[in-house]
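Letter by letter, the chains look like this.
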Amino acid sequence: MKTPSLRKHPWLLIAPLLLLFITLIGLEIVQAQGLVGGNDVIDRPVVDTYDNFSMIDTHNPINMDGQVTAFEVFVGTTEPVTLVIYRQTGPGPDFSIVGTSEQKTPTSVGFNQFQLTTPIQVQAGDLVGLVNSSVKFTMDPPHNPDFGDLSGTMLFSSNGAGLTTNFIGSSNRTYSVRVIGEGTDNDGDGISDDVDTDDDNDGQLDEDELACGSDPLDAASLSPDNDGDNSPDCVDPDDDNDGVADDVDAFPFSDMSATVMVGDCDSGVASQVLANGA
Ligand SMILES: [Ca+2]
Ligand SMILES: [Ca+2]
Ligand SMILES: [Ca+2]
Ligand SMILES: [Ca+2]
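Worth saying up front: this structure is predicted, and the values here are computed from it rather than measured. (Residues numbered from 1 in each chain as written. Chains lettered and ligands numbered in written order. Predicted model: local features only at pLDDT ≥ 70, side-chain atom pairs only at ≥ 80, totals over all residues. Heavy atoms only, no water.)

Caption draft 1: Region of the structure containing the coordination of the calcium ion (ligand 3). Within the protein, D225 (OD), D227 (OD), D229 (OD), S231 (O) and D236 (OD) serve as the donor atoms for the calcium ion (ligand 3), at 2.2 to 2.3 Å. The sequence pattern formed by the donor residues of the calcium ion (ligand 3) is D-x1-D-x1-D-x1-S-x4-D. (Donors = N, O, S within 2.8 Å, 3.2 Å for Na, K, Ca; no water.)

Right under this line is the structure:
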């Protein structure tokens, strides 16, 4: 059998490099995870001329519990803008205001990023809104402001209403506004809950604690773990860590020794009962 030559099959050289590239891209995506909400902040064709009105853009709610530390906008004018975080509190257009930024003045037309002096504590599902928007948007599909109809993806108040939850109309618009921040870090280990596999640092994984009934956010709440290997009994396939799986172990919670132990001393006498209970 012939060995494939690199001359005939150059992809043999490229394939490992491609795999490395894909892996690095994958790592970049994983590392880029964090608290976000809103849309891509890009140049869009339209900008509002309304003054002192409120809007909620319901595209892309905030993705996790945590705190908003900054927001980004792509503006068509340098009119001041205020970030507002809304929470839906009931069916339909029933919202409360979770928090607002200070009023920010863009330094120039185009992309602007503003740090919040005081971060806004948010929950997954909270929505990004603005007061006094000059932020650029697209309409997809084209859908002009429709007063009295709140079925569109962007809800707005009347012109001049200021900061309010009294939305009176909607449109299918996507605004160039995005919030960024940090996810909640329950155990303060610097790894936010969304990527931390053990949110209370008690040694038992979140998924195991959820499966076995303890609280994954409370280090004082642990699921029973007979052999102390941090794999709770309800998910541990070998509850006494003797190498014999529970389903074939006559004493699944007893680590039987091959020889009889007297206290801490090994008598050397063969045990009558093997680890599997035979
Ligand atoms: Ca953590
Ligand atoms: Ca845990
Ligand atoms: Ca265990
Ligand atoms: Ca066992």
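Caption draft 2: Just the coordination of the calcium ion (ligand 1), in detail. At the metal site, the calcium ion (ligand 1) is ligated by D185 (OD), D187 (OD), D189 (OD), I191 (O) and D196 (OD), and these contacts range over 2.2 to 2.3 Å. Written as a sequence motif, the donor residues of the calcium ion (ligand 1) are D-x1-D-x1-D-x1-I-x4-D. Among the residues examined, D185 registers a relative accessible area of 25% and is labelled partly exposed. (Buried < 20%, exposed > 50% of the residue type's maximum accessible area, 1.4 Å probe, protein only.)

Caption draft 3: Broad picture of the pattern of salt bridges. In the structure shown here, the tally under the stated rule is 4 salt bridges. Linking R178 and E72 is a salt bridge whose minimum nitrogen-to-oxygen distance equals 3.2 Å. Here E72 lies in strand 4 (residues 66-75) and R178 lies in strand 14 (residues 177-183), a separation of 106 residues in the sequence. We classify E72 as buried; its relative accessible area is 8%. Residues E102 and K104 are paired through a salt bridge, measuring 3.0 Å at the closest nitrogen-oxygen approach. Its relative accessible area of 29% is what places E102 among the partly exposed residues. Note on K104: relative accessible area 14%, which makes it buried. (Salt bridge = Lys/Arg side-chain N within 4 Å of Asp/Glu carboxyl O. Helix = DSSP H or I, 4+ residues; strand = E, 2+ residues; numbered from the N terminus.)

Caption draft 4: Fine view of the packing of aromatic side chains. Counting across every chain of the model gives 6 aromatic pairs. Centre to centre, the rings of F71 and F114 are 5.1 Å apart; their planes meet at 45°, and the pair counts as tilted. Here F114 lies in strand 7 (residues 110-122) and F71 lies in strand 4, a separation of 43 residues in the sequence. Here the two residues F71 and F114 agree in accessibility, since each one is buried. A ring pair is formed by Y86 and F95, whose centres lie 6.5 Å apart and whose planes are at 75°; its orientation type is edge-to-face. Three or more aromatic residues link up through ring pairs in this structure, and these residues are Y86, F95 and F167. (Phe/Tyr/Trp six-rings, centres within 6.5 Å; stacked < 30°, edge-to-face > 60°.)

Caption draft 5: Region of interest: the state of the cysteines. Counted according to the given criterion, the structure contains 1 disulfide. A disulfide bridge connects C212 with C234, and the sulfur atoms are separated by 2.0 Å. Because the torsion about its S-S bond is -90°, the bridge between C212 and C234 counts as left-handed. Taken together, the residues C212 in helix 2 (residues 206-212) and C234 in the loop between helix 2 and strand 15 (259-262) connect sequence positions 22 residues apart. (Disulfide = S-S within 2.5 Å.)

Caption draft 6: View of the sheet that holds strand 1 (residues 35-38). The sheet built from 4 strands is open, its strands ordered 1-14-4-7 with antiparallel pairing. Two strands in the sheet have a free side with no partner beyond their single neighbour: strand 1 and strand 7. Put simply, the sheet's adjacent strands are angled 20° from each other on average, direction ignored. The pairing of strand 1 with strand 14 spans 4 bridges and is classified as antiparallel. Bridge pairing in strand 14 links G38 to R178. (Pairing = 2+ DSSP bridges. Axes fitted to C-alpha atoms, helices over the stretch in contact; angles between N-to-C directions.)

Geometry only, nothing functional implied.
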